[in-house]
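Letter by letter, the chains look like this.
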Amino acid sequence: MSRFRRADKMDSLAGFRTENTETTVPYSLLKAARKSGQLNLCGRGLTEVPQKVYRLNIDTPEEAQHNVSFGASDRWWEQTDLTKLLLSSNQLTDLSEDIRLLSGLITLDLHDNHLSNLPSALGELQELQQLRLSHNQLLSLPVEICTLKNLCSLTLQHNLLESLPEELGQLEKLTELDLSSNHLKGLPSSVGCLTSLQKVILCHNKLTSLPDSLAQLTNVKLLDCSNNQLTDVSASLSKMLKLEQLYLRHNMLCHLPQLPAPALKELYVGNNQIENLETEQLASLTALSLLELRDNKIKILPEQITFLTTLARLDLTNNDITILPPSLSLLPNLKVLLLEGNPLRGIRRDLLTKGTNELLKYLKGRIKEEPKSAEGEHTALTLPSQAMVNVHNIKSLKVLAYSDKQAGSIPDELFDAAADQGVSTANFSKNQLTSIPPRLVEFHSSLSDINLGFNRLTYCSPDITKLLQLTHIDLRNNQLRDLPPEMKNLTKLRSIILNYNRFESFPEVLYQIFSLETILLGNNQVGEVDPCRLIKLVHLSTLDLSNNDLLNVPPKLGLCTSLRCLSLEGNPFRTPRTAIVAGGTDAILEYLRSRIPT
């Protein structure tokens, strides 16, 4: 075995000699590739692809000269065509036309090289489904690439492209197109023919407008046009019926786009020049849960903001807002309100630092009081400091709130007042609770959001699993070590916050809640995660594993393609390196995919 290791070292040195670059690819790799159909040559310092790789499907292997017995264990005559070729993170400057000899390729990964052009022969790889060309120096695309009828994923981020061929629209099976960080000033109108697209990344270019044909992409769920030079976005984009996430940060927009896209959940328009929020624009955003308006020039927040009844997060950081409308507190689902950097009047600075719940409570207190109720009915229209039960919160907002009291239990009077009121939100955070209040079960038919953060919970009672309408659970800053297996019955749960607890492993039951979109597990002691089970969480877009005890990051985590935000910083693993982690989610996932053994 040691003899082979020494041979490998000799080969790696030979890779620096111009007279023989092919020795950088061990014959054992080529032999294995004939059997598996997969060849991984990532990060081998290659300046060119050895001819033996191109001819892998054609040349008779060396062992054929020594072994012709039909009883041999090495059945070289049963070799399979190469279907997956990984050449990322080398020093390739060009690709030979001989690539056409590998006609069975399904995946070709050339990212992170020095390619400035591509051979027209790529168009002959008609089985190709994945083509990864990011982080090169490409100035143009050969039109022949547009004939790849089976291509599903084309990634071209971080190149030098200034234009794209009109024939791009022929890639009818394409589901993912990443053109970010190029020099594109426009898109071909034929892009509207790519009707299978689900993910389109156009950020960090020089686009001044988007083609009207983009509206024909009715299957797109995510469209990222951040960091361009857009001054307007056509209302025709509302025809993108499945669009859920739209990124328009760092452009030159003066108005909020009027986009009645029925599925739009997240709209990011920070760092633009928006001054006014108009009624028509707000009224069109009927399904929005996240609206980012930070770093604009907004002066007035109109009363019509209450049209956004599904809004859960509103970011107004660094605008010119002086007054907040009290009606803002009537948004039934608002959980996060960010206002730093505004010249607000009439609101104490310390109130802003206490968080969203306290601020909304203050705004509710400024709403004109309702008429006194019939004699004998309990109300909370006395001073807030005197009221234990806030009937307005319960009846109008469907909120059961008893937070920041440092209490060891929740008063029965609160539950009694909320009986039969269809309460949807319970906030018992910042107390001294050691167990989940058992009377919460009384609201099993209506309760969708529960906040038990900043308590002293050491055990999560299975009673919580009877709340079948739950979509959001906040259990941060407790002393939990595990979750009950019965939680798999919470089939509507979309997000769970478990930061700052005592979990030593990834909670087993979370792998079985397939509706989850957000899992926050930062600042625990989690030592490993199972990527093969995480992949099955097809809706998972945010995963926070920062500041845990992960000694390694499994490469197959890179196959969790639904992730838009993966936080891994603060763990003791050595790879991926800090620079890659700092590059963000896409960089981490791309790196991990490149490390998957073939």
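Residues numbered from 1 in each chain as written. Predicted model: local features only at pLDDT ≥ 70, side-chain atom pairs only at ≥ 80, totals over all residues. Heavy atoms only, no water.

Asker: How would you explain the overall build of the chain if you had to name every residue and give the values?
Answerer: A tally of regular secondary structure across the chain gives 11 helices and 21 strands. By the burial criterion, 48% of the 598 residues in the chain qualify as buried. In the chain, 36% of the contacts between residues at least 6 apart in sequence involve partners at least 24 apart. Counting only carbon and sulfur atoms, one obtains 49% of the accessible surface of the chain, whose full area is about 28000 Å². (Helix = DSSP H or I, 4+ residues; strand = E, 2+ residues; numbered from the N terminus. Buried < 20%, exposed > 50% of the residue type's maximum accessible area, 1.4 Å probe, protein only. Contact = heavy atoms within 4.5 Å. Areas by Shrake-Rupley, 256 points an atom, 1.4 Å probe, with all protein chains shown as cover.)

Asker: Let's hear about the nonpolar core: which residues, and what values?
Answerer: In this structure, Leu223, Leu267, Leu293, Leu314 and Leu324 are the most contacted members of the largest nonpolar core, which totals 99 residues. At the level of secondary structure, the elements contributing two or more residues to this core comprise α2 (27-36), α3 (51-54), α5 (349-353) and α6 (356-365). No other element matches α6, which puts 3 residues into this core. Residues in contact with leucine 223, not counting those within four places in the same chain, are Val200, Leu202, Leu214, Leu237, Met240, Leu243, Gln245, Leu246 and Tyr247. Listed in part, the 62 residues of the second largest apolar core include Leu433, Phe503, Leu545 and Leu568. (Core = buried A, V, L, I, M, F, W, Y, C linked by side-chain atoms within 4.5 Å.)

Asker: I'd like to hear about the pattern of salt bridges, residue by residue, with values.
Answerer: Opposite charge on two side chains lets them pair, provided their charged atoms get close. Counted according to the given criterion, the structure contains 16 salt bridges. In this structure, the salt-bridge partner of arginine 294 is aspartate 295, at a minimum N-O distance of 2.8 Å. Note that aspartate 463 and lysine 466 form a salt bridge whose closest N and O atoms lie 3.5 Å from each other. (Salt bridge = Lys/Arg side-chain N within 4 Å of Asp/Glu carboxyl O.)

Asker: Describe the environment of phenylalanine 454, naming the residues involved and giving the relevant values.
Answerer: Secondary-structure assignment places phenylalanine 454 in the loop between β16 (449-451) and β17 (472-474). Residue class for phenylalanine 454 comes out partly exposed when judged on its relative accessible area of 38%. Spatially, the C-alpha atoms of phenylalanine 454 and arginine 476 are 6.3 Å apart, while their sequence positions differ by 22 residues.

Asker: Explain unusual backbone geometry residue by residue, including any values.
Answerer: Residue proline 576 follows threonine 575 across a cis peptide bond; omega there is 5 degrees. By secondary structure assignment, the location of proline 576 is in the loop between β21 (565-567) and α10 (578-582). Even without glycine at this site, asparagine 227 takes up a positive phi of about 55 degrees. Mapped onto the fold, asparagine 227 is located in the loop between β8 (222-224) and β9 (245-247). For asparagine 227, a relative accessible area of 24% translates into the label partly exposed. The phi dihedral of aspartate 404 is positive, around 60 degrees, even though this residue is not glycine. Checked against the element boundaries, aspartate 404 lands in the loop between β14 (399-401) and α8 (412-417). Assessed through its relative accessible area of 42%, aspartate 404 is described here as partly exposed.

Asker: If you had to explain the packing of aromatic side chains to someone new, which residues and values would you point to?
Answerer: Tallied over the full model, the rule gives 4 aromatic pairs. Ring centres 4.2 Å apart and planes at 5 degrees place the aromatic pair tyrosine 247 and tyrosine 268 in the stacked group. Here tyrosine 247, found in strand β9, pairs with tyrosine 268, found in strand β10 (residues 266-268); they are 21 residues apart in sequence, far enough to count as distant. In terms of burial, tyrosine 247 and tyrosine 268 fall into one category: buried. Each ring, one from phenylalanine 415 and one from phenylalanine 428, has its centre 6.1 Å from the other, and the planes form 75 degrees; the classification is edge-to-face. One end of the pair, phenylalanine 415, is in helix α8; the other, phenylalanine 428, is in the loop between β15 (425-427) and β16, and 13 residues separate them in sequence. Under the relative-accessibility criterion, phenylalanine 428 is labelled buried at 0%. (Phe/Tyr/Trp six-rings, centres within 6.5 Å; stacked < 30°, edge-to-face > 60°.)

Asker: Lay out the sheet that holds β21 in plain terms, naming residues and giving numbers.
Answerer: The strand order β14-β15-β16-β17-β18-β19-β20-β21 describes an open sheet built from 8 strands, whose pairing is parallel. Either end of the sheet is taken by a strand with one partner, and the two such strands are β14 and β21. Put simply, the sheet's adjacent strands are angled 5 degrees from each other on average, direction ignored. Pairing between β16 and β17: 3 bridges, direction parallel. Residue isoleucine 450 lies in a different strand from β17, and its bridge partner there is isoleucine 473. (Pairing = 2+ DSSP bridges. Axes fitted to C-alpha atoms, helices over the stretch in contact; angles between N-to-C directions.)

Asker: Kindly report on the environment of valine 25, identifying the contributing residues and their values.
Answerer: Mapped onto the fold, valine 25 is located in the loop between α1 (2-14) and α2. Judged by relative accessible area, which is 7%, valine 25 ranks as buried. Apart from the residues within four sequence positions on either side, valine 25 is in contact with Leu30, Leu41, Leu46 and Pro50.

Asker: Explain the confidence of the model for the chain to me, using residue names and the numbers behind them.
Answerer: When pLDDT is averaged along the chain, the result is 86; 89% of the residues meet or exceed 70. Note on residues 369-387: pLDDT under 50 across the span, and 15 contacts to partners over four residues away in sequence or across chains. (pLDDT = per-residue confidence, 0-100.)

Asker: I'd like to hear about helix α11 (residues 585-594), residue by residue, with values.
Answerer: Judged by how many residues are buried, α11 sits mostly within the fold: 7 of 10 residues are covered. Looking only at α11, the buried set comprises Thr585, Ile588, Leu589, Glu590, Tyr591, Leu592 and Ser594. Residues of α11 that are buried sit in contact with β1 (38-40), β21 and α10.

Asker: Could you give an account of α2, with specific residues and numbers?
Answerer: Within α2, burial applies to Leu30, Ala33 and Arg34. The buried side chains of α2 occupy one side of the element, clustering within an arc of 105 degrees when seen end-on. Facing away from the buried side of α2 by more than 90 degrees, the exposed set consists of Ser28 and Lys35. Of the surrounding elements, those touching the buried residues of α2 are β1 and α3. (Arc of directions from axis to C-beta.)

Asker: Which residues make up the environment of glycine 270, and what values do they have?
Answerer: Along the chain, the position of glycine 270 falls in the loop between β10 and α4 (279-283). When the C-alpha positions of glycine 270 and aspartate 295 are compared, they lie 5.6 Å apart, and in sequence the two are 25 residues distant. Look past the residues within four positions of glycine 270 in its chain and what remains in contact with it is Leu248, Arg249, His250, Glu292, Leu293, Arg294 and Asn296.

Asker: Just give me the short version of the state of the cysteines, but keep the residues and values in it.
Answerer: Applying the stated criterion across every chain yields a total of 0 disulfides. Unpaired in terms of disulfides, cysteine 532 finds its nearest cysteine sulfur in cysteine 560, a separation of 8.9 Å. Judged by its relative accessible area of 42%, cysteine 532 falls in the partly exposed class. (Disulfide = S-S within 2.5 Å.)

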